[in-house]
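Listed below, chain by chain, are the residues.
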Amino acid sequence: MMLAGTIWQRELVEFAQRRRALVIKLAFPLVFGIPLVIAAPPVYAAITLTMLIAIIGALGAGAVLTRERQSGLTLRYRTLPVTPGRLLIERLSIGALIDFLQVTPVLLLIAVRHPSQFAWWPALVLSVAAVLLIGNLMGAVASTLSDSPGEVMLYVFIVLLPLLFLSGVFTSLTEPALLAVSRLLPFAYLHESLVGALGGQPNLLAWETLLGGFGFLVGAAGLTGRLGRRVLESD
């Protein structure tokens, strides 16, 4: 029987052993990140990097969990002597960790390119982690809606793009109601922390994005635990 602790081991070993996929996953964010961090204005670089990080977490999880459901691996997970909530937290946490490793070279590039913006680094790290975990949860929920990875990714996009707009990622929000809505979405804090870390003029202070990122990270973990049965026992 598969033990709960081996979920982490299985995913990390598979990630490390697939050398070609490992190189592609690490290179993909850099292909976009290098020209953005080096040459693009901070506001445009932050828009693209926010979208990139959100897409990496949500689309990757949706496609992978759909394949796991088709292969019967999700049924094997159900046999583990742990609650569905804890099981889903472990499964999505390792997915978010792998996604974080993918974007780490870009984050290091930002730190090297803009060392004077070190005050934004803690907020950036927490905001990235929160968005990746929430993205994995979005992909997990979407994977219950279809057996086709392509359809699942489409569902993710349908939800993700309006949320990015409401977060003020694409354009500055001036209406009080829209500003209030943006503060309730994790992508707003990721976008603001990227603008700050890239040397731009964010609308929030570093400590505000730090608290926002931490709050959404904790909230994402709690929501993942609550949705464990819904995701893992949806067949």
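Reading the values: the criteria
Residues numbered from 1 in each chain as written. Predicted model: local features only at pLDDT ≥ 70, side-chain atom pairs only at ≥ 80, totals over all residues. Heavy atoms only, no water. Helix = DSSP H or I, 4+ residues; strand = E, 2+ residues; numbered from the N terminus. Salt bridge = Lys/Arg side-chain N within 4 Å of Asp/Glu carboxyl O. Buried < 20%, exposed > 50% of the residue type's maximum accessible area, 1.4 Å probe, protein only. Contact = heavy atoms within 4.5 Å. Core = buried A, V, L, I, M, F, W, Y, C linked by side-chain atoms within 4.5 Å. pLDDT = per-residue confidence, 0-100. Phe/Tyr/Trp six-rings, centres within 6.5 Å; stacked < 30°, edge-to-face > 60°. Axes fitted to C-alpha atoms, helices over the stretch in contact; angles between N-to-C directions. Parallel < 35°, antiparallel > 145°, perpendicular 65-115°, else oblique. Left-handed = near helix turned anticlockwise from the far one by under 90°. Nonpolar A, V, L, I, M, F, W, Y, C, P; charged D, E, K, R; others polar. Patch = residues over 30% accessible without salt bridge, like charges linked within 9 Å, V, L, I, M, F, W, Y side chains within 5 Å. Areas by Shrake-Rupley, 256 points an atom, 1.4 Å probe, with all protein chains shown as cover.

1. Points about the environment of Gly95
- You can see Gly95 is positioned in helix H5 (residues 84–113).
- Put simply, Gly95 and Leu133 are 38 residues apart on the chain and 8.0 Å apart in space, counted from C-alpha to C-alpha.

2. Observations concerning the pattern of salt bridges
- Scanning the model with the defined rule gives 2 salt bridges in all.
- Where Arg91 meets Glu68, a salt bridge forms, and the shortest distance between an N and an O atom there is 2.7 Å. You can see Arg91 sitting in helix H5 and its partner Glu68 sitting in helix H3 (residues 42–71), a full 23 residues away along the chain.
- Overall, Glu68 belongs to the buried group, its relative accessible area being 6%.

3. Brief notes about the side chain of Gln102
- Along the polypeptide, Gln102 turns up in helix H5.
- Taking relative accessible area as the criterion, Gln102 reaches 8% and is therefore assigned buried.
- Apart from residues no more than four positions distant in its own chain, Gln102 is found in contact with Lys25, Leu26, Pro29 and Ile56.

4. Regarding the nonpolar core
- Counting residues in each nonpolar core, the largest one holds 45 residues, and the members touching the most others are Leu49, Ile110, Val128 and Phe187.
- At the level of secondary structure, the elements contributing two or more residues to this core comprise helix H2 (19–39), H3, helix H4 (73–78), H5, helix H6 (121–142), helix H7 (149–166), helix H9 (186–197) and helix H11 (228–232).

5. What about the confidence of the model for the protein chain?
- On average, residues of the protein chain carry a pLDDT of 88, and 90% of them reach 70 or more.
- Helix H1 (residues 5–17) is the least confidently modelled element of the protein chain, averaging 63 in pLDDT, while H9 averages 97, the highest of any element.

6. Re the packing of aromatic side chains
- This structure, assessed with the given rule, holds 3 aromatic pairs.
- Pairing Phe28 with Phe32 gives two aromatic rings, centres 5.3 Å apart and planes at 75 degrees, and the pair type is edge-to-face. Here Phe28 pairs with Phe32, and both are found in helix H2, just 4 residues apart, close to one helical turn.
- Overall, Phe28 belongs to the partly exposed group, its relative accessible area being 39%.

7. Some words on the side chain of His114
- For His114, the location among the structural elements is in the loop between H5 and H6.
- If sequence neighbours within four positions are ignored, His114 has contacts with Val37, Trp121, Ala197, Leu198 and Gly199.

8. Focus on the environment of Leu109
- For Leu109, the position within the fold is in helix H5.
- Of the residues examined, Leu109 reaches a relative accessible area of 22% and is grouped as partly exposed.
- Note: C-alpha distance between Leu109 and Val37 (72 residues apart in sequence) is 7.4 Å.
- Those residues in contact with Leu109 that sit more than four places away from it in its chain are Gly33, Ile34 and Val37.

9. With respect to the packing of H5 against H6
- Relative orientation of the contacting elements H5 and H6 amounts to 140 degrees, with a least axis distance of 8 Å. Taken together, H5 and H6 sit at an angle that is classed as oblique. Our pair here, H5 against H6, has a crossing hand that is right-handed. Contact with H5, carried on its side by Leu88, Leu92, Ser93, Gly95, Ala96, Asp99, Phe100, Val103, Leu107 and Ala111, involves Trp121, Leu124, Val125, Val128, Ala129, Leu132, Leu133, Asn136, Leu137 and Ala140 of H6 and no other residues of that element.
- Of the residues belonging to the contact of H5 with H6, the class tally is 16 nonpolar, 3 polar and 1 charged.

10. Quick look at a nonpolar patch on the surface
- Residues Leu145, Leu154, Tyr155, Ile158 and Val159 make up a contiguous nonpolar surface patch of roughly 460 Å² in combined accessible area.
- Topologically, Ile158 is positioned in helix H7.

11. Considering the packing of H3 against H9
- It is the contact of H3 with H9, at a shortest axis distance of 9 Å, that shows an interaxial angle of 140 degrees. The orientation of H3 with respect to H9, classified from their angle, is oblique. Here the hand of the crossing between H3 and H9 comes out right-handed. Facing H3, whose interface residues are Pro42, Val43, Ala46, Ile47, Leu49, Thr50, Ile53 and Ala54, H9 presents Phe187, Leu190, His191, Leu194 and Val195.
- A breakdown of the residues in the contact of H3 with H9 according to their chemical character gives 11 nonpolar, 2 polar and no charged.

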